[in-house]
Each structure stands twice: as structure tokens, then as C-alpha cells.
Amino acid sequence: DIQMTQSPSTLSASVGDRVTITCRASQSIRSLLAWYQQKPGKVPKLLISKASTLESGVPSRFSGSGSGTEFTLTISSLQPDDFATYYCQHHDSYPITFGQGTRLEIK
Amino acid sequence: EVQLVESGGGLVQPGGSLRLSCTASGFTFSSYWMTWVRQAPGKGLEWVANINQDGSDKYYVDSVKGRFAISRDNARNSLFLQMNSLRAEDTAVYYCARLICSGSCYSAFAYWGQGTLVTVSS
């Protein structure tokens, strides 16, 4: 199985900051990676698929990059609505696996 | 508007069974792969199973193989998850979701239901 490891597990930042979350795969997943945002008590929201394709309606301050085994999610200027937990997930092969999550909290 | 509505969750004893349903609307259900994803209380997301458009291809996470069965009824726009031999570690919110299909389909989950809670406890 492909293991997905996110870092950091928790990130403290301020409104306006530029933040980056890293996701590493235990083997190459080409560019088949998705990023989700989840707020407490809410349903996960797909932000990015295929490593860098921004979903419709997702603000342009979100961007994704990477291929192979290392990927990043960048938020260029944090907004109050962005404080949430973020998950990466590969969609290269079965079984599909998620990272453990990165909690983005207000500093 | 795409809508997915799960039902069927509840409290069940270890070793028991439960059947989850997901009713879809707002899109051509028979054209999409579908999935179940679960989330244990306070934990992360775990993919459970995928099914293709006509139900002929199914994939499962190892921890549920032989115990859970994903199926669908395209005439009723419905997705199901039959869960047998339930264990405490199956306790979670279970979400149904729709894969992205644009030409080909891939397992990024663009639309999610609100989830249904399954609690396995004596």
C-alpha cells in the first residue's frame, strides 16, 4: 500500500501569511494527488486534484504542485475561512489512501 | 445541484450487520463511479470502497474485504454498503461520494454526502 505522510501535523499561522503543507508518498504516484479541506463537523471539500488542478469555485490563493513522491499545498495569503484541517489523498492505484491531516490553526 | 444523502446508520452490536444507503440526485448517477469513505470520531479520512458505473468493478480497503459489500441500483439512483461482522473499529461517520469523471474517471471525490454515523458497541 502507498503511505501518505503529511507535514507538519499542526501549523500555526496568522491571517495574511503564506503557508505550505507537504505531502510525501511512499512510492511514485505520478501526479495523481488530491487535497481536501475539512472544517470541524463539516464534510470534506475537494480543493485540488491531479496535484495542481484547482476545483471550480476554489479561491486562487490555493495552489498545488509536485509529482512523483513529493507534493505541496500552498495558501498564498491566509484568510480567516482557511483555518481547517487539510488532507492529501493519492488516486494512483488501489488501495486509495489519505494522509493523516494537517491542522491549520490561528497563531 | 448534485446531492448525495446517506441513511441507514445507527448503533449495532459487535458481529452485527448494517446496510447503508446513499440516494443521489442532480446528475446522471449511472455515469459515475461512486465511493464510500469513513471517518472515525476525531480521526482522519479512510477510503472504504469504490464501484464503477455498472457495478461490475469493485475495490475495497483490506480491513473490510470479506465483510463489506458495495453495490448500486442505477434505476433507483442509489448506492449501498452492506456491512457484516461489524467491529468496534468500524465505528465512524460513513460518507458516500462521487468520483470525478471527465472523459475518464479518477478517484478524487468532488461531491460528498453529509454522512451517516455507525456505532459498533455492546
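Just above sits the structure.
Conventions we followed
- Residues numbered from 1 in each chain as written.
- Chains lettered and ligands numbered in written order.
- Predicted model: local features only at pLDDT ≥ 70, side-chain atom pairs only at ≥ 80, totals over all residues.
- Heavy atoms only, no water.
- Pairing = 2+ DSSP bridges.
- Helix = DSSP H or I, 4+ residues; strand = E, 2+ residues; numbered from the N terminus.
- Axes fitted to C-alpha atoms, helices over the stretch in contact; angles between N-to-C directions.
- Contact = heavy atoms within 4.5 Å.
- Core = buried A, V, L, I, M, F, W, Y, C linked by side-chain atoms within 4.5 Å.
- Buried < 20%, exposed > 50% of the residue type's maximum accessible area, 1.4 Å probe, protein only.
- Buried area = accessible area lost by both parts, 1.4 Å probe.
- Salt bridge = Lys/Arg side-chain N within 4 Å of Asp/Glu carboxyl O.
- Polar contact = N/O pair within 3.5 Å; in protein donor to acceptor, adjacent residues only side chain to side chain.
- 1 Å grid on protein atoms, 1.4 Å probe; cavity = no way out; pocket = protein on both sides within 12 Å on 5 of 7 lines; lining within 4 Å.
- Points joined across faces, edges and corners; volume = space filled by probe spheres on them.
- Nonpolar A, V, L, I, M, F, W, Y, C, P; charged D, E, K, R; others polar.

Some details on the sheet that holds strand β7 (residues 68-73) of chain B
All names here are of chain B. With respect to topology, four strands assemble into an open sheet ordered β1-β3-β8-β7, the strand pairing being antiparallel. What marks the edges here is a single partner per strand, and that holds for β1 (3-7) and β7. If you compare each strand with its neighbour and ignore which way they point, the axes differ by 15 degrees on average. Sheet topology note: the β1/strand β3 (residues 18-25) ladder contains five bridges and is antiparallel. Note on β3: the bridge partner recorded for Q3 is S25.

Quick word on the sheet that holds strand β3 (residues 19-25) of chain A
Residue and element names in this part refer to chain A. What the four strands build is an open sheet, ordered β1-β3-β8-β7; its pairing is antiparallel. Both outer strands of the open sheet, β1 (4-7) and β7 (62-67), are each paired with one neighbouring strand and no more. In this sheet, neighbouring strand axes are inclined to one another by 20 degrees on average, regardless of whether the strands run parallel or antiparallel. Inspection of the sheet shows β7 paired to strand β8 (residues 70-75) by six bridges, in the antiparallel sense. Considered in β8, the bridge of G66 is made with F71.

Quick look at the side chain of B:S78
As for its placement among the helices and strands, B:S78 is situated in strand β8 (residues 78-83). Each residue touching B:S78, except ones within four places of it in the same chain, is listed here: B:C22, B:T23, B:F29, B:R72 and B:D73.

Points about the nonpolar core
Counting 49 residues, the largest nonpolar core has B:W36, B:L79, B:L81, B:M83, B:Y94 and B:F109 as the members making the most contacts within it. A per-element tally of this core places strand β9 (residues 92-102) of chain B first, with eight residues. Residues A:I2, A:I29, A:A51 and A:F62 belong to the second largest nonpolar core, which totals 25 residues.

Some thoughts on the interface of chain B and chain A
Contacts between the two partners involve 20 residues from chain B, matched on the other side by 17 residues from chain A. Counting each side, the surface lost to burial between chain B and chain A is near 1600 Å², with a carbon and sulfur contribution of 67%. A per-residue breakdown of the area chain B buries against chain A is headed by B:L45, B:W47 and B:Y106, which together make up 36% of the total. Our count for the chain B to chain A interface comes out at zero salt bridges. Where chain B touches chain A, the interface holds four residue pairs in polar contact (both at pLDDT 80 or more).

A few points about the layout of surface pockets
A volume near 290 Å³ is recorded for the largest pocket. For the largest pocket, the lining is made up of 16 residues, of which A:Q38, A:Y87, B:Q39, B:G42 and B:K43 are closest to its centre. Looking at the lining of the largest pocket, the elements with two or more residues in it are β9 (85-90) of chain A together with β9 of chain B. Its residues assigned to classes, the lining of the largest pocket comprises six nonpolar, seven polar and three charged. Estimates place the volume of the second largest pocket at around 210 Å³. As for the second largest pocket, its lining consists of 15 residues, of which A:I96, A:T97, A:F98, B:L45 and B:E46 are closest to the centre. Of the residues forming the lining of the second largest pocket, the biggest block, three residues, is contributed by strand β5 (residues 45-51) of chain B. Per-class residue counts for the lining of the second largest pocket are eight nonpolar, five polar and two charged.

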